[in-house]
Amino acid sequence: RPPRSTLMRSSAASDVYKRQGINAEYGVLERVPGLRAVYVCDRDGVTLLKALAANDKSDSDDEDVSLAAAFAVSADQVSKVHLRRVKSLATFFSQKLVVHINVLPLVVALVAEPDSNAGLLMALAGDFTNALESLRDSVEQLEEK
Amino acid sequence: MLKPKVLPEILAQCNSGGVKTSMLFNRDGSLLATVGEDATAEKTNAASVSAIMANIWASFAKAGDAHVVLLDCENGRAGVTVVAGTLLLCLYGDASTPFGMLKLKAETLAKYLDAPLSQILGSGGGKDNK
């Protein structure tokens, strides 16, 4: 894949999103217990948006979003077998639970306490897909250029 | 000592409650044992699935001390966990398979197979136990 000026395109898409005033990621932080942070990234793992829980003191952004690119690659691979399109993927670590949601070319990364309800977080795939529709369209258009 | 032909029988015990296929494979994706509902389809599917799951595990587990990965896909749900430190176990079913069951079965089976497989792998016996 040739290098792209991802940062410039991502910030343009992010501006569109902010202008539209969508804040699904903030709503989710309030609704789901144990959720520490929500990141919306592009398929290369560049963060477009993030929302952190009020009491979250951790600053492990890089660690938390580093898997987004791996998720994009995994999603492409899995789509080729009988399981078809990945909607979400949950990784259980000892110190946290990370759920990735497929809104390709966007990836949503949810970072939560290790004992959080993974099923609940994975079930948010539909909500995020709807909320991020226009941002996804913007990023898709930018990718085509 | 765990006999190799017992392995499919043990894997088969997981195939209930929504779990349709269980498989054991190396970190490089090469299958050691697989037991599933549809034998013909399984052979085609299992090799591809194990290769992809091995890649997924390699990517996600290296970010930290992952112990289980669950996937929710259009046509099914899968759970992957590590066994005996070096092998991977994947259970999958259709889209209605409950995640809790998938995770619990994967973890329980991994724990059960840990000691005997570690013994075999540790002794360098590999897959040629006669």
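Keep in mind that what you see is a predicted model, and the values were worked out from it rather than measured.

Cut-offs used in this document
One numbering rule holds for all chains: residues counted from 1, following each sequence as written. Chain A is the first chain written and ligand 1 is the first ligand written, with later ones labelled in order. For a predicted model such as this one, the threshold for reporting local features is a pLDDT of at least 70, and the threshold for listing and counting side-chain atom pairs is 80 or more; totals across whole chains, interfaces and linings nevertheless cover every residue. Side-chain metrics rest on all non-hydrogen atoms present in the structure, leaving aside hydrogens and water. We count a stretch as a helix when DSSP gives it H or I for four or more residues in a row; a strand needs E for two or more, and each element gets its number in order from the N terminus. Relative accessibility decides the category of a residue: with a 1.4 Å probe and only protein chains considered, values under 20% of the type maximum give buried, values over 50% give exposed, and everything between is partly exposed. Note on areas: Shrake-Rupley, 1.4 Å probe, and residue coverage restricted to the protein chains presented here. Residue contacts are counted whenever heavy atoms from the two residues lie within 4.5 Å of one another. Computed with a 1.4 Å rolling probe, the buried area is the accessible surface lost when two parts are put together, summed over both parts. Throughout this description, a polar contact denotes any pair of N or O atoms lying within 3.5 Å of each other; where both atoms belong to protein, one of them has to be capable of donating a hydrogen while the other can accept it, and for residues adjacent in sequence the pair is counted only when both atoms sit in side chains. Under the scheme applied here, ten amino acids are nonpolar (Ala, Val, Leu, Ile, Met, Phe, Trp, Tyr, Cys and Pro), four are charged (Asp, Glu, Lys and Arg), and all others, including Gly, are polar. Strand pairing follows a simple DSSP-based rule, namely that at least 2 bridges must link the two strands. Disulfides are defined in this document as cysteine sulfur pairs within 2.5 Å. Every helix has an expected span of 1.5 Å times one less than the residues it contains. By definition, the arc is the one covered by directions from the helix axis to the C-beta atoms. Pairing of aromatic rings covers Phe, Tyr and the six-membered ring of Trp, with a centre-to-centre limit of 6.5 Å; geometry is then stacked below 30 degrees between planes, edge-to-face above 60, and tilted otherwise. We count a charge as sitting over a ring when the NZ of a lysine or the CZ of an arginine lies within 6 Å of the ring centre and within 35 degrees of the ring normal.

Engineer: Kindly report on the overall build of chain A, identifying the contributing residues and their values.
Structural biologist: A count of helices and strands for chain A gives 6 helices and 5 strands. Along its sequence from the N terminus, chain A presents helices and strands in the succession α-α-β-β-α-β-β-β-α-α-α. Residues classed as buried in chain A amount to 52% of the 145 residues present. In the form shown here, chain A has an accessible surface area of approximately 6800 Å², with 50% of it arising from carbon and sulfur atoms.

Engineer: Hey, could you go over the overall build of chain B for me, with residue numbers and the actual values?
Structural biologist: Counting secondary structure elements, chain B contains 3 helices and 5 strands. Taken over 130 residues, chain B has a buried fraction of 45%. Just so you have it, chain B exposes about 6100 Å², and 55% of that area is on carbon and sulfur atoms.

Engineer: Account for the interface of chain B and chain A, with residues named and values stated.
Structural biologist: On the side of chain A, 22 residues touch chain B, which itself brings 27 residues to the contact. With both sides pooled, the region where chain B packs onto chain A buries about 2300 Å², and carbon together with sulfur makes up 68% of that total. Per-residue buried area on chain B facing chain A is highest for F60, D72 and E74 of chain B; these three make up 26% of the total on that side. Counting across the interface, chain B meets chain A through 9 residue pairs in polar contact (both at pLDDT 80 or more). Broken down by secondary-structure element, the contributors of at least two residues to the side of chain B that touches chain A are helix 2 (39-61), strand 3 (68-73), strand 4 (76-83) and helix 3 (99-122) of chain B. Examining the composition of the side of chain B that touches chain A, we find that 9 residues originate from one element, helix 2 of chain B, more than from any other. The residue inventory of the side of chain B that touches chain A, partitioned by class, reads 14 nonpolar, 8 polar and 5 charged. Note: strand 3 (residues 86-92) of chain A against strand 3 of chain B, 6 bridges, orientation antiparallel.

Engineer: Describe the state of the cysteines, with residues and values.
Structural biologist: Each disulfide is one covalent bond, formed between the sulfur atoms of two cysteines. Residues and elements named next belong to chain B. Under the definition given, this model contains 0 disulfides over all chains. Looking at C14, it has no disulfide partner, and the nearest cysteine sulfur is the one in C90, 11 Å off. C90 takes part in no disulfide bond, and the closest cysteine sulfur to it belongs to C73, at a distance of 9.7 Å. Relative accessible area serves as the criterion here: at 0%, C90 is assigned to the buried category.

Engineer: Kindly report on helix 6 (residues 133-144) of chain A, identifying the contributing residues and their values.
Structural biologist: Residues spaced three or four apart along an α-helix point in a common direction, a consequence of the helix completing one turn every 3.6 residues. Residues and elements named next belong to chain A. Look at helix 6: 17 Å from first C-alpha to last across 12 residues, which is about the 16 Å you get at 1.5 Å a residue. Every buried residue of helix 6 is listed here: L135, R136, S138, V139 and L142. When helix 6 is viewed along its axis, its buried side chains cluster within an angular range of 160° and face the same direction. In helix 6, the exposed positions that point more than 90 degrees away from the buried face belong to Q141 and E144.

Engineer: Before we move on, can you summarise the packing of aromatic side chains with the specific residues and values?
Structural biologist: For the structure on display, the rule yields 0 aromatic pairs over all chains. The ring of F93 of chain A carries the charged tip of K96 of chain A above its face, separated from the ring centre by 5.8 Å.

Engineer: Account for the pairing of strand 5 (residues 106-112) of chain A, with residues named and values stated.
Structural biologist: Side-chain direction in a regular strand flips from residue to residue, so the side chains alternate between the two faces of the sheet. Residues and elements named next belong to chain A. Within strand 5, 7 of the 7 residues are buried, leaving the element largely enclosed by the surrounding structure. Burial of strand 5 is two-sided: the residues L106, V108, L110 and A112 facing one way and the residues V107, A109 and V111 facing the other way are all buried. Pairing geometry for strand 1 (residues 35-42) and strand 5, over 7 bridges, is antiparallel. Bridging across to strand 5, V38 finds its partner in L110. As paired elements, strand 4 (residues 97-103) and strand 5 share 7 bridges and run antiparallel to each other. For N102, the partnering residue across the bridge sits in strand 5 and is V107.

Engineer: Would you mind going over the pairing of strand 3 of chain B in detail, with residue names and values included?
Structural biologist: Residue and element names in this part refer to chain B. Of all the 6 residues making up strand 3, 6 are buried; the element is thus mostly covered by neighbouring parts of the structure. Of the two faces of strand 3, the one lined by V68, L70 and D72 and the one lined by V69, L71 and C73 are each fully buried. As judged from the 6 bridges shared by strand 3 and strand 4, these two strands associate in the antiparallel manner. Among the inter-strand pairings, D72 is bridged to a residue of strand 4, identified as R77. Two successive antiparallel strands, strand 3 and strand 4, enclose a turn made up of 2 residues.

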